[in-house]
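# Structural overview for review
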Amino acid sequence: MKTRWRWLLPLAAVPVLALLAYGFRLNPRDVPSPLIGRPAAAFTLTGFDGAPIALEALRGKVVVVNFWASWCYPACYEEAPVLEQGWRAYRDRDVVVLGVDIQDRDEAARKFIRDFALTFPNAPDPDGKVSVDFGVYGVPETFFLDRDGRIRAKHVGAVTAEVFRTHVDALLADGTR
Amino acid sequence: MSRRGRLKLLAGGAVIALALGWLIYEGVSQSAVYFVTPSELVAAPVPGKAYRLGGLVAAGSVRWEPQTVQLTFDVTDGKTTVPVQHRGTPPDLFGEGRGAVVEGQWTTDGYFRATLIMAKHSEEYEAPHPTREGPGPGMTKTLDTQR
Amino acid sequence: MIPEIGTAALLVALALAVWGALAAALGARRGRTALLVSAEHAALAVFALLTAALGLLAHAFLTFDFSVRYVAFNTNLGTPFYYRLTAVWGALEGSLVLWAWMLGLYTVIAIARHRASARELYPWVLVVMLGVVAFFLVIMTGPAPVFARLSPVPADGRGLNPLLEDSGMITHPVALYLGFTGFTVPFAFAIAALVTGRTGDFWITTTRRWTIVAWYFLSLGLLIGGWWSYHVLGWGGYWAWDPVENAAFMPWLTGTALLHSVMIQERRRMLRLWNLSLVVLTFALTLFGTFLTRSGVIASVHAFTQGAIGVFFLTFLAVVVLTSLVLLAWRWETLGAQGELDAVISRESAFLLNNVLLVAAAFTVFFGTVFPLLSEAVRGVKVSVGAPFFNQVNVPVFLSLIFLMGVGPLIAWRRASLENLRRNFLGPVLLGIAAAAVFRLLGVGSALAVLTLALTVFVAGTIGLDVVRATRARLRLGEGPLRALGRLVVRHNRRYGGFVVHLGILVIAVGITGSQAWSVQTETTVNRGEHAELAGYRLRFEGLSESQESNHVKVTGRFTVVEGGPVGAVLLPAKKFYPQEQSPIAYVDYLLGLKDDLYLVLGDFARDGSHATIRFQVNRMVSWIWIGGVVLTLGTVLALLPERRRAA
């Protein structure tokens, strides 16, 4: 090897490093949902407080459906306060946050709701039917529904305040058109 | 070292590199497994090709016959549903409404024959448990008995 | 309060590690001893603080301090004492603490061993070691804070991952990390050699033991990992070419190459550049392994991203690799060989080939592991290659390596004459051919198995030939046979230690061959009182029982051996139901044997115990793998004994 060429040696590592970096671009959680743009399947669940929750009854509102479980740590723990804040900030503007608790034990789920002082409607999904209808692969997953009940966006992993705001604001703006 | 010796060495290196390249090429073409969702599979199914089908086990679809050790169920992505047959016990993490990845082939009889079921823990979006160096608890392996 | 002390300890350790690295670099450049001494003190303090942090974490586990997030999520009130201790490194954050602690330990040992003997290199060794420690401390105080609090404090924790409740979990991570971190020392020496321009043979001879130790622990970690996979995961095998396993296997392959190429440099002053590159590669692969297991970039089915950590690791990996390569380029002129390859048929070229093959094997494993990423980047298709790929590609490579294992130690240096070849190899080759014929006659059907076994016999033959000859030479000196053999082995402990390690590998190879070729299994449902049959073994299903354990409920099936193996022996496979898990966990039961393992997994059962579905496997010769591990250990110990050759 000519000695001047030796300085090209470090370049040899660049493709490999680039490939690994590319791995971060791919989010393995990003399972493309074929449901985006389609009407969400209707469901009626009984909330932890005993009140019935029917998706159909929420037509005309922007609905945030969040799938969670008490054993899902840390993501569900991180997003619970965010969802609660979002619910409090937007509830007067025709936005509803719905929690669906899947594959959980009742007492643990109730403790989770108590611990985080969640006030938005929350219900267990005892036979997992709702989560299958929504194509939920894991928790947490959050779906943003427009006023017509169509699934417009899906977020996998913990919802941050920014994610919540962006999606909800977009759907609110959409609806006033 | 003599010129001839050097040449021999270079030739040896070339032979090794070629052999390795060939092994890798053959290996990849023979054991490539394609990840698909039910919708993707149904859109363009190729019988005999190795697939890894990821989706949810549809509620009410699981039928398990202990006496014949036959397991049938549907895998869905919410839009499309694929019937799956498997010879073997359902793995520990397997269940209706849960995620599953099944490896196998599409058959001309219109169902997916699974050779391996990897049931998904719904916990998957959680922090990983890094010290496990084997196949993690997120996945339970079942081996096909007919292999 | 205690968690805050722990965090504080880690922060102070970070500051000291950074200071120590800077001080050592400055001290080396300016020739200031005081700075160097300060760096040493910093290193000692870092180790002390890491020890304290580890202790505090253990304390938090033992006292069920659920206000610590990490404790709450990896233990609960039912977790037995023993597993509360292993839970310390049972998950991401804690494993990093253990990792950093070991690095700290190695740093301290390196100071004690080399501060006087390696004056010029030693400051830079300290720089590199403390730099790596600092990196881990950054992770532990930044993206993966082990002492982070949980609020609200839960009344009970979630519990340890049940699969980690196994005795293998105390030794497996410890061995593996000792191996991974162990390669930091040779790497540090290599960098020191490059920085100081002392790229001669000194750093190689100084780090020989370190390399052997790291290599040994890595081997042990892999073997225990296989054992854990075999007896806990219940899928019936010990190696699945899973990305996480591959991550540990790649540095093992390059580390093995390094162990051999180092001998060429010692003997013939060749391969300087190659050796430095191998050390860098091995260390980079250990980092890549950690990156892989902890970032989730590759294993879409395995563990999912904690994005921040992955980015940190990748950045560090990039810094390490690029810096090393720039240093190599900078010192290019000093890295030319002094010795030369004389002939194609020689020990040098046998070793060279061994190295090429080992690195090639590492490359194919790497290629297969990142293949999903590659195919998605290039073609946009999600494709992976599974175990068949790795087996298909690696079997020819490993068979060649076994062959070389017989050739390498006996072929002549420089140029092997026909006479030398005939004298050393004619016997073993004939033995191998004869063995192939015998195995064939005994009904071994698989050509691959015949070939592997024949090669194994050939290699064992070369080792036997060498030992017999050398012992005989000593007999002529009038020593008794046993005494002669003993002296031979002790006096030339490096050579014979190596032979014993080779024997261990051969035993493992036989185990792998046997289990791949002859294991059988069946999956069947049996009614109570009826039998399951496989390969001449008959098991009777006696019934089910349920029991309440400290942290789970266990349903146990009772099976008695009525024909085949030890008649009357009982197998008790079970399913364990942990409240914190959504699904039961299978508990495998097995009877280990030299020839056959009976391996039983309880799949499904009727609640009334009337029938149960089981997977029944007769795994052949798997035990040889674990026995090979013991032989390997003996060989390593022998090779590490102080050299007595010169005294003799």
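Owing to the predicted nature of the structure, the values given are computational and were not obtained by experimental measurement. (Residues numbered from 1 in each chain as written. Chains lettered and ligands numbered in written order. Predicted model: local features only at pLDDT ≥ 70, side-chain atom pairs only at ≥ 80, totals over all residues.)

Before going further, it helps to spend a moment on the overall build of chain C. Helix and strand counts for chain C come out as 19 helices and 11 strands. Along the first, second and third principal axes, the C-alpha set of chain C runs to 75 × 70 × 60 Å. Burial analysis of chain C (648 residues in total) assigns 56% to the buried set. (Helix = DSSP H or I, 4+ residues; strand = E, 2+ residues; numbered from the N terminus. Buried ≥ 20, exposed ≤ 12 C-beta atoms within 10 Å, placed from the backbone.)

A separate point is the overall build of chain A. Broken down by element type, chain A carries five helices and seven strands. Scored against the burial criterion, the 177 residues of chain A give a buried share of 40%. A separation threshold of at least 6 residues defines the contact pool for chain A, and within that pool the share at least 24 residues apart is 74%. (Contact = placed C-beta atoms within 7 Å.)

In this section: the domain arrangement of chain C. Assigned domains of chain C: these are domain 1 (1-160), domain 2 (166-332 + 351-392), domain 3 (417-518 + 632-640) and domain 4 (520-621). Measuring from the centre of the C-alpha atoms in domain 2 of chain C to the corresponding centre in domain 4 of chain C gives 38 Å. (Domains from an automatic or database assignment.)

Another point: the nonpolar core. The biggest cluster of nonpolar side chains holds 225 residues, and the ones touching the most others in it are Ala17, Ala100, Val125, Val133, Phe136 and Ala192 of chain C. With 19 residues, helix H9 (residues 202-233) of chain C is the largest single contributor of residues to this core. Apart from residues lying up to four places away in sequence, Ala17 of chain C is in contact with Ala42, Val46, Leu130, Val133, Ala134 and Leu137 of chain C. The next biggest cluster of nonpolar side chains, apart from the first, holds 42 residues, and it includes Val62, Val100, Ile113 and Val168 of chain A. (Core = buried A, V, L, I, M, F, W, Y, C linked by C-beta atoms within 7 Å.)

Now for the sheet that holds strand E6 (residues 141-145) of chain A. Residue and element names in this part refer to chain A. On the basis of which strands lie adjacent, the open sheet formed by five strands has the order E5-E4-E3-E6-E7 and mixed pairing. Since the sheet does not close on itself, it has two edges, and those belong to strand E5 (122-124) and strand E7 (151-156), each with one partner. On average, each strand axis in the sheet is inclined to that of its neighbour by 20°, with strand direction left out of account. Pairing of strand E3 (residues 62-68) with strand E4 (residues 95-101), which is carried by seven bridges, proceeds in the parallel orientation. Counted as the bridge partner of Val63 is Val96 from E4. Where helix H2 (residues 75-90) meets the sheet, it contacts E3 and E4, and its direction lies at approximately 150° from that of E4. (Pairing = 2+ DSSP bridges. Axes fitted to C-alpha atoms, helices over the stretch in contact; angles between N-to-C directions.)

It is worth spelling out helix H15 (residues 418-441) of chain C at this point. For H15 of chain C, built from 24 residues, the straight-helix expectation of 34 Å at 1.5 Å per residue is met to within 8% by its first-to-last C-alpha distance of 32 Å. Packed against the buried residues of H15 of chain C are helix H14 (387-407) and helix H16 (447-475) of chain C. (Expected span 1.5 Å × (residues − 1).)

Attention now moves to the pairing of E7 of chain A. Residue and element names in this part refer to chain A. In this structure, E6 lies alongside E7, joined through five bridges in antiparallel fashion. For Phe143, the partnering residue across the bridge sits in E7 and is Lys154. In textbook terms, the turn of a hairpin is the stretch between consecutive antiparallel strands, and for E6 and E7 this stretch comprises five residues, one of which, Gly149, has a positive phi near 80°.

Another aspect to go through is helix H7 (residues 168-182) of chain C. Note: α-helices contain 3.6 residues per turn, so residues at a spacing of three or four share the same orientation. Residues and elements named next belong to chain C. The terminal C-alpha atoms of H7 lie 20 Å apart, and with 15 residues this matches the ideal 21 Å at 1.5 Å per residue to within 8%. Of all 15 residues that make up H7, 12 are buried, and the element is covered over most of its length. Turning to H7, its buried residues number three or more, namely Gly168, Met169, His172, Pro173, Ala175, Leu176, Tyr177, Leu178, Gly179, Phe180, Thr181 and Gly182.

The next subject is the sheet that holds strand E2 (residues 520-527) of chain C. Whether parallel or antiparallel, the strands of a sheet pair through hydrogen bonds between backbone atoms. Residues and elements named next belong to chain C. Taken in spatial order, the four strands of this open sheet run E2-E11-E10-E9, and their pairing is antiparallel. Strands at the two margins of the open sheet, each flanked by one partner only, are E2 and strand E9 (589-591). Pairwise comparison of adjacent strand axes, ignoring direction, gives a mean angle of 20° for this sheet. Bridge count between E9 and strand E10 (residues 596-605): three bridges; the pairing is antiparallel. Bridge assignment links Leu591 to a residue of E10, and that residue is Leu598.

Our focus in this paragraph is the environment of Arg29 of chain C. Mapped onto the elements, Arg29 of chain C comes out in helix H1 (residues 2-30). C-alpha of Arg29 of chain C to C-alpha of Trp124 of chain C: the two residues are 95 residues apart in sequence and 9.8 Å apart in space.

For any two helices packed against each other, the geometry is given by the interaxial angle and the distance between the axes. Residue and element names in this part refer to chain C. Running from N to C, helix H5 (residues 92-114) and H7 cross one another at 50°; their axes reach a closest spacing of 9 Å. Relative to H7, the element H5 lies oblique. Helix-helix and strand crossings are classified by hand; for H5 and H7 the assignment is right-handed. Of the residues in H7, those touching H5 at Ser95, Leu98, Trp99, Met102, Leu103 and Tyr106 are Pro173, Tyr177, Leu178, Thr181 and Gly182. Counted by class, the contact of H5 with H7 contains eight nonpolar, three polar and no charged residues. (Parallel < 35°, antiparallel > 145°, perpendicular 65-115°, else oblique. Left-handed = near helix turned anticlockwise from the far one by under 90°. Nonpolar A, V, L, I, M, F, W, Y, C, P; charged D, E, K, R; others polar.)

Residues and elements named next belong to chain C. A large share of strand E11 (residues 611-620) lies buried, amounting to nine of its 10 residues. Sheet analysis places E2 next to E11, joined by eight bridges and oriented antiparallel. What sits directly across from Thr522, in E11, is Phe616. Once E10 ends, the chain turns through five residues before running back antiparallel as E11, passing Gly609 with a positive phi of about 80°.

Attention shifts here to the packing of H16 of chain C against helix H18 (residues 493-518) of chain C. Residues and elements named next belong to chain C. In the contact formed by H16 and H18, the axes pass within 10 Å of each other and the chain directions differ by 165°. Judged by the angle between their axes, H16 and H18 are roughly antiparallel. Here H16 and H18 pass one another in a crossing that is left-handed. Seen from H16, the contacting residues are Ala449, Thr452, Leu453, Thr456, Val459, Ala460 and Ile463; seen from H18, they are Phe499, His502, Leu503, Leu506, Ala509, Val510, Thr513 and Ala517.

Relative to the elements of secondary structure, Val526 of chain C occurs in strand E2. In the structure, Val526 of chain C is positioned 63 residues away from Ile463 of chain C in sequence and 50 Å away in space, judged by C-alpha atoms.

Turning to unusual backbone geometry, a few remarks are in order. The residue Val69 of chain B is not glycine, and still its phi comes out positive at about 55°. Residue position: Val69 of chain B is located in the loop between strand E3 (63-65) and strand E4 (70-76). One non-glycine residue with positive phi stands out, namely Arg269 of chain C, at about 55°. Structurally, the position occupied by Arg269 of chain C is in the loop between helix H10 (243-268) and helix H11 (272-295).

In this section: the confidence of the model for chain C. All names here are of chain C. With 96% of its residues at a pLDDT of 70 or more, chain C has an overall mean of 89. In this model, residues 299-305 is a region of pLDDT below 50 whose contacts with residues beyond four sequence positions or in other chains number 27 contacts. Note on the complex model: pTM 0.87, ipTM 0.82. (pLDDT = per-residue confidence, 0-100.)

Our focus in this paragraph is the environment of Glu96 of chain B. Note that Glu96 of chain B resides in the loop between strand E5 (81-87) and strand E6 (99-106). Spatially, the C-alpha atom of Glu96 of chain B lies 5.0 Å from that of Val57 of chain B, the residues being 39 residues apart in sequence. Not counting residues up to four positions away in its chain, the partners in contact with Glu96 of chain B are Gly128 of chain A together with Val57, Ala59, Gly60, Ser61 and Val62 of chain B.

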